[in-house]
Amino acid sequence: MALEDEMLRQRHERLAQIRELGFEPYGHAFEYTHAVPDIWAEYGQKSAEELANRIEVRVAGRIATIRRMGKAGFLHLLQNGEKLQVYIKKDAVRESNYKLYELLDNGDIIGVTGYLFRTKTGELTVHAEEIVFLSKIMLALPEKWHGLEDIETRYRQRYLDLIANQDVRNVFVTRSKIIASLRRQLDARGFLEVETPMMQLLYGGAAARPFVTHHNTLDTDLYLRIAPELYLKRLVVGGLERVYEINRNFRNEGISTQHNPEFTMLEFYQAYTDYRGMIELSKDLLRQTAIDATGSSEVTYEGRKLNFGNFRQLTMREAVLEFWRGADKPSLADLKDPDWLLRHSQEKSPGLALADLFERYAEEHLIEPTIIYEFPAEISPLSKNNADDSDFVDRFEIYAAGMEIANAFTELNDPQEQRRRFEEQLARKAGGDEEAHVMDEDYIRALCYGMPPAGGEGIGIDRLTMILTNSKSIRDVILFPLLRPEGEIGLVEKLRSLAP
RNA sequence: GGGCCGGUAGCUCAGUCGGUAGAGCAUCGCACUUUUAAUGCGGUGGUCGCGGGUUCGAUUCCCGCCCGGCUCACCA
C-alpha cells in the first residue's frame, strides 16, 4: 500500500479514536485569550521569575513540530506566522486529555489552556492543563526544515507554501500593506474609490488582446476588461473629480516572470491637474508606500539599492542616448530626425521607432526609480498632445528594477482629437495589429459633454509588490498564479473508499 | 510558439557507463516526565512524469507527449 494511502487510513482511524475519547475531530469554535504573536509581544521579554505567578492563557494553532518523551512531550503551535511551544505532562492533565495528546499528528489544529513558564533552556512555553481538538490533518505536511521547495507544488497548493514558508506569508502580508497604504493615501487626498465593469461590451484603455466570454440571457459576447480607464474617465465627466479603482485587469497574452493573465492595477484620475501634477503625486505615493510596506523608502532588489525617495527623470530620448550601446552613438538631434529613427528600427513610423529603441536600449537598465517622459503620440491614443510638439504627448512612465510600474498622462479631453486617434487605431487594426484600440463611440459621446482637464495614472500593483518584497517572479506575489491543469489528483476516490 | 534545464518515497535529495533503486526527515512499533533538527533501537513505504521504440532486459539509451522553471518573442 502506498504511504499516502496508509497514512490516510491511519488518520481516518484516529478520527474514531478521537471521538471515543469524547472529543470532536472537527471543532466549532475556540476562544483564545491571545493569538500566538500577542503572546510573544506581551510575554516574550518576561523572565522565569516574572512568569511565576501563573499567567493563564488559551492559545490555538496548527501543530508544527511534536517531540514526545515517554510520559511528557513538547509541541510547537503555529499561528499567524509565529510559533509557540507547549509542554504536556501526563500528571498535569486529565487522563483522556493525555490520551488525546498521544493521538496528535503533526499538522493537527488544537487549542490549549495552560500557564506560561520558561523551560530549562529558557524558551517561553505554555504548560498545558487542557487540550481541545479543533481540526484533523489527513495528509502529510511538508518536511520540517527543508520545507516545501517544489515551485509547482508551491503555486498549486499555496496553502502548503504558506504553512511551510513564513517568508512567503510575509510577501503577502506586505502586498496587503502596499494596497492599504495606497488606499489610505488616496482617500486622504479626497479620492473616491469606485468599481467599474470587469465585463465589458467593448474593451479599451490599453493595447492588448482580451478574453472573451458570453452572457447567456442577453446572448451577447462580453470582454473581460483590459483596463478600467475609459469608465473611470466617464466618471470624471460626471463630476467625480477624484476617483480610483484597485482591481483586476485581464490580458490574453503571454505569461512570464513579469506577466500574469490577470493582474492588479491601481488607476486614479484627478480633475484640473495634468501629468506634472501626476508626477508629484506619484513620487509621494510611491515613497510613502515603500515606507509603509518595508519601513524605508530605500529597498534592496536583487542586491541593488532602489530609493523611492529619489526619482531620476529623463525624457524617452535622453534615456535612449544614455543607454545606447555601440559605436554609432546618436545625438539628440538624430533622435528628433524621423529619417534617422526609421533607419534604426523595423517600425513604420518615427514615434514607434523611438519607442522601439527605448525598449531595446534603455528599459532593462532603468533600475533606480526613474520617470520617463515625452512619449510619441502614436503609442498614446488616450493622452493629450504636447502644446509645443503635437507628435508628442504629455505622458510619463515610471520604471524601477528594469520594469514599467506606472503609466500616466494628461488625459485627452478633446472629443474631435479622440475620434481622430481612435480612427488611427482602427486603421492599424485593419493593418493586422491585434492590440490596436477599438472605437468606443459612447466614450466619445461622454467627452462631447465636456471632461475637465485631468491627469490619470495606472500603477501595477503586482510589479510594485515584486520590487518591495524582492521577488523575482510575478507568480511569487500572486497567491494563485495561472497554471496549466494539473491532471488526476485521485484523492476523492481514496476518501470515498474510507467513508462509512 | 522557439531554445535550454528539470520531474526518482509524503517532503528534501542521491543514484543506476542498461541488470527493475537509496539517504535524511516524515510515518509505524518499542524505550524515555524540561525537549529544541530531541535521542536510541527496529520496521513500513517507489507503476523512477506518461506513452511508444531499441534490447535477452529500460528508471537509465532513442522518439513523442504532459507538467514546471529559466530565457527569447509578445506584453504591463
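My aim in this report is to walk through the structure given alongside it, one point at a time. (Residues numbered from 1 in each chain as written. Chains lettered and ligands numbered in written order. Predicted model: local features only at pLDDT ≥ 70, side-chain atom pairs only at ≥ 80, totals over all residues. Heavy atoms only, no water.)

1. Structural notes on unusual backbone geometry
Step number 1: If you check the backbone angles, Asn-80 has positive phi at about 50° while not being a glycine.
Step number 2: Looking at where Asn-80 falls in the secondary structure, it is placed in the loop between β2 (72-79) and β3 (82-89).
Step number 3: Of the residues examined, Asn-80 reaches a relative accessible area of 41% and is grouped as partly exposed.
Step number 4: Phi at Glu-374 is positive, roughly 65°, even though this residue is not glycine.
Step number 5: For Glu-374, the location among the structural elements is in strand β15 (residues 370-376). (Helix = DSSP H or I, 4+ residues; strand = E, 2+ residues; numbered from the N terminus. Buried < 20%, exposed > 50% of the residue type's maximum accessible area, 1.4 Å probe, protein only.)

2. Quick look at helix α3 (residues 95-103)
Step number 1: Burial in α3 covers these residues: Asn-97, Tyr-98, Leu-100, Tyr-101 and Leu-103.
Step number 2: Residues of α3 that are buried in the fold lie against α1 (3-20), β1 (56-69), β2, β3 and β5 (124-135). (Contact = heavy atoms within 4.5 Å.)

3. As for the sheet that holds strand β14 (residues 312-315)
Step number 1: One open sheet holds the 8 strands; their spatial order is β6-β10-β11-β18-β17-β16-β15-β14, and the pairing between them is mixed. Of all strands in the sheet, those with a lone pairing partner are β6 (192-193) and β14, marking the two edges.
Step number 2: Bridging between strand β10 (residues 242-250) and strand β11 (residues 262-271) involves 9 bridges; their strand directions are antiparallel. When the bridges of β11 are listed, Ile-246 appears paired with Leu-266.
Step number 3: Relative to strand β16 (residues 392-400), helix α8 (residues 275-294) is tilted by about 10°, and along the sheet it contacts β11, β14, β15, β16, β17 (403-410) and β18 (454-460). (Pairing = 2+ DSSP bridges. Axes fitted to C-alpha atoms, helices over the stretch in contact; angles between N-to-C directions.)

4. Some remarks on the nonpolar core
Step number 1: Within the largest apolar cluster, 44 residues are counted, with the highest numbers of intra-cluster contacts made by Leu-266, Phe-268, Leu-306, Phe-308 and Ile-467.
Step number 2: Contributions of two or more residues to this core are made by α6 (166-188), β10, β11, α8, β12 (298-301), β16, β17 and α15 (461-468).
Step number 3: When residues in this core are grouped by element, the largest group, 8 residues, is from α8.
Step number 4: When neighbours within four sequence positions are excluded, Ile-467 is seen to be in contact with Val-299, Tyr-301, Leu-306, Phe-308, Ala-400, Ala-401, Met-403 and Ile-405. (Core = buried A, V, L, I, M, F, W, Y, C linked by side-chain atoms within 4.5 Å.)

5. Structural notes on the pairing of strand β4 (residues 109-118)
Step number 1: Taken across its 10 residues, β4 has 8 buried, putting it largely inside the fold.
Step number 2: Pairing of β1 with β4 involves 7 bridges; the strand directions are antiparallel. For Arg-58, the partnering residue across the bridge sits in β4 and is Thr-113.
Step number 3: The loop that links β4 with its antiparallel partner β5 comprises 5 residues; one of these, Gly-122, has a positive phi angle of about 95°.

6. Focus: the packing of α1 against helix α16 (residues 491-498)
For any two helices packed against each other, one specifies the inter-axial angle together with the distance between the axes.
Step number 1: With their axes 11 Å apart at the nearest point, α1 and α16 run at an angle of 40° to one another. Here α16 runs oblique to α1, going by the angle between their axes. The handedness of the crossing between α1 and α16 is right-handed. Residues Glu-4, Asp-5, Leu-8, Arg-9 and His-12 of α1 touch α16, and the partners they reach there are Leu-491, Lys-494, Leu-495 and Leu-498.
Step number 2: Each residue belonging to the contact of α1 with α16 can be placed in one class, and the counts come to 4 nonpolar, 1 polar and 4 charged. (Parallel < 35°, antiparallel > 145°, perpendicular 65-115°, else oblique. Left-handed = near helix turned anticlockwise from the far one by under 90°. Nonpolar A, V, L, I, M, F, W, Y, C, P; charged D, E, K, R; others polar.)

7. Brief notes about the pattern of salt bridges
Step number 1: One pass over the full model with this rule turns up 40 salt bridges.
Step number 2: For Asp-105, the salt bridge identified is with Lys-136, shortest N-O distance 2.7 Å. Residue Asp-105 is found in the loop between α3 and β4, and its partner Lys-136 is found in the loop between β5 and α4 (151-156); the two are separated by 31 residues along the sequence.
Step number 3: Lys-136 sits in the buried class, given a relative accessible area of 6%. (Salt bridge = Lys/Arg side-chain N within 4 Å of Asp/Glu carboxyl O.)

8. Focus: the sheet that holds strand β9 (residues 220-224)
Step number 1: The 3 strands lie next to each other as β7-β9-β8, forming an open sheet whose pairing is antiparallel. With one partner strand each, in any of the chains shown, β7 (199-200) and β8 (212-215) form the two edges of the open sheet.
Step number 2: Relative to β9, β8 runs antiparallel, the two being bridged by 4 bridges. Paired with Thr-213 across the two strands is Leu-222, which belongs to β9.

9. A closer look at the packing of aromatic side chains
Step number 1: Applying the stated criterion across every chain yields a total of 10 aromatic pairs.
Step number 2: Judged by centre distance (6.2 Å) and plane angle (90°), the ring pair of Phe-191 and Phe-268 falls under edge-to-face. In this pair, Phe-191 sits in the loop between α6 and β6 while Phe-268 sits in strand β11, placing the two residues 77 residues apart along the sequence.
Step number 3: Since its relative accessible area comes to 5%, Phe-191 is described here as buried.
Step number 4: Put simply, the rings of Phe-74, Tyr-87 and Phe-117 touch in pairs and so form one group of aromatic residues.
Step number 5: Over the aromatic face of Tyr-101 sits the side chain of Arg-68, whose NZ or CZ is 5.3 Å from the ring centroid. (Phe/Tyr/Trp six-rings, centres within 6.5 Å; stacked < 30°, edge-to-face > 60°. Lys NZ or Arg CZ within 6 Å of the ring centre and 35° of its normal.)

10. Focus: the protein's contact with RNA strand B
Step number 1: Near RNA strand B you find 54 residues, and of these Thr-121, Trp-145, Glu-152, His-259 and Arg-463 are the closest.
Step number 2: Of all atoms in RNA strand B that approach within 4 Å of the protein, 60% are sugar or phosphate atoms.
Step number 3: At 2.2 Å from a sugar or linking oxygen of RNA strand B is found a side-chain nitrogen or oxygen belonging to Glu-152.
Step number 4: Here Arg-484 contributes a backbone N or O atom positioned 2.7 Å from a phosphate oxygen of RNA strand B.
Step number 5: Looking at which element gives the most residues to the surface near RNA strand B, the answer is α1, with 5 residues.
Step number 6: Grouping the constituent residues of the surface near RNA strand B by class yields 18 nonpolar, 13 polar and 23 charged. (Near = heavy atom within 4 Å. Polar contact = N/O pair within 3.5 Å; in protein donor to acceptor, adjacent residues only side chain to side chain.)

11. A few points about helix α2 (residues 36-43)
Step number 1: All buried positions along α2 are accounted for by Val-36, Pro-37, Ile-39 and Tyr-43. Projection of α2 onto a plane perpendicular to its axis shows the buried side chains occupying an angular sector of 160°, all on one side.
Step number 2: The elements touched by buried residues of α2 are β1, β2, β3, β4 and β5. (Arc of directions from axis to C-beta.)

12. Quick notes on the packing of helix α7 (residues 229-237) against helix α14 (residues 441-448)
Step number 1: Running from amino to carboxyl end, α7 crosses α14 at an angle of 25°, the nearest separation of the two axes being 9 Å. Classed by the angle they form, the pair α7 and α14 counts as roughly parallel. Remark: the crossing between α7 and α14 carries left-handed chirality. Across from Leu-230, Lys-233, Arg-234 and Val-237 in α7, the residues of α14 making contact are Asp-442, Tyr-443 and Ala-446.

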